Amino acid sequence: THGKFHRAYVGDMLQSMQFVRYDSTANRLVLVANDRTPRPITCQELLDLNTVAVGDKFGNVSVLRLPRGADAAAVDTSGTRALWDSSREDSTPKLETLCHYHVGEVVTGMTRASLVAGGGGALL
């Protein structure tokens, strides 16, 4: 689990990735978006506020992005929608898959690094 800007990026072995946001006024977590593909997540790396790279136990690396406007749609003004209720709705925004690559081995870790001094970053 990574957290940044009142948002948590949660990956698990059953339901893949979920982006949740902390609502400080109601003191609870609100589901922003989830992945449409069930992936048994073994590692993840936050690329930017809306994008995360994930690896799964089947040797796949995927980059997932939050759709534009999905965070604003996750605001619950009624106060009656709980996290476990909202995860079952079909109206929950789905994460977009930007790319998918099969490595062939279980991906156990990811990090962003520069391959040469002063060069651009790469996902290792």
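In what follows, the structure referred to is the one given above.
Read on for an overview of the structure. (Residues numbered from 1 in each chain as written. Predicted model: local features only at pLDDT ≥ 70, side-chain atom pairs only at ≥ 80, totals over all residues. Heavy atoms only, no water.)

## Quick word on the sheet that holds strand E6 (residues 51-56)
Then, in step 1: Taken together, four strands build an open sheet; the order of strands is E5-E6-E7-E8 and the sheet is antiparallel. Of all strands in the sheet, those bounded by a partner on one side alone are strand E5 (41-48) and strand E8 (96-102). Neighbour-to-neighbour, the strand axes of the sheet open up by a mean angle of 20°, direction not taken into account. (Pairing = 2+ DSSP bridges. Helix = DSSP H or I, 4+ residues; strand = E, 2+ residues; numbered from the N terminus. Axes fitted to C-alpha atoms, helices over the stretch in contact; angles between N-to-C directions.)

## Things to note about unusual backbone geometry
Then, in step 1: For Ser16, which is not glycine, the phi torsion reads 65° and is therefore positive.
Then, in step 2: Structurally, Ser16 can be placed in strand E3 (residues 16-23).
Then, in step 3: By relative accessible area, which is 1% here, Ser16 ends up buried.
Then, in step 4: Phi angles above zero are rare outside glycine, and Asn27 is one such case at about 55°.
Then, in step 5: Here Asn27 lies in the loop between E3 and strand E4 (28-34). (Buried < 20%, exposed > 50% of the residue type's maximum accessible area, 1.4 Å probe, protein only.)

## Some words on the packing of aromatic side chains
Then, in step 1: The final tally for this structure, using the stated rule, is one aromatic pair.
Then, in step 2: Geometrically, the ring pair formed by Tyr9 and Phe19 is edge-to-face, given 4.8 Å between the ring centres and 80° between the ring planes. Within this pair, whereas Tyr9 is found in strand E2 (residues 7-12), its partner Phe19 is found in strand E3, the two being separated by 10 residues in sequence. Here Tyr9 matches Phe19 in class, with each residue buried. (Phe/Tyr/Trp six-rings, centres within 6.5 Å; stacked < 30°, edge-to-face > 60°.)

None of this, on its own, says anything about what the molecule does.
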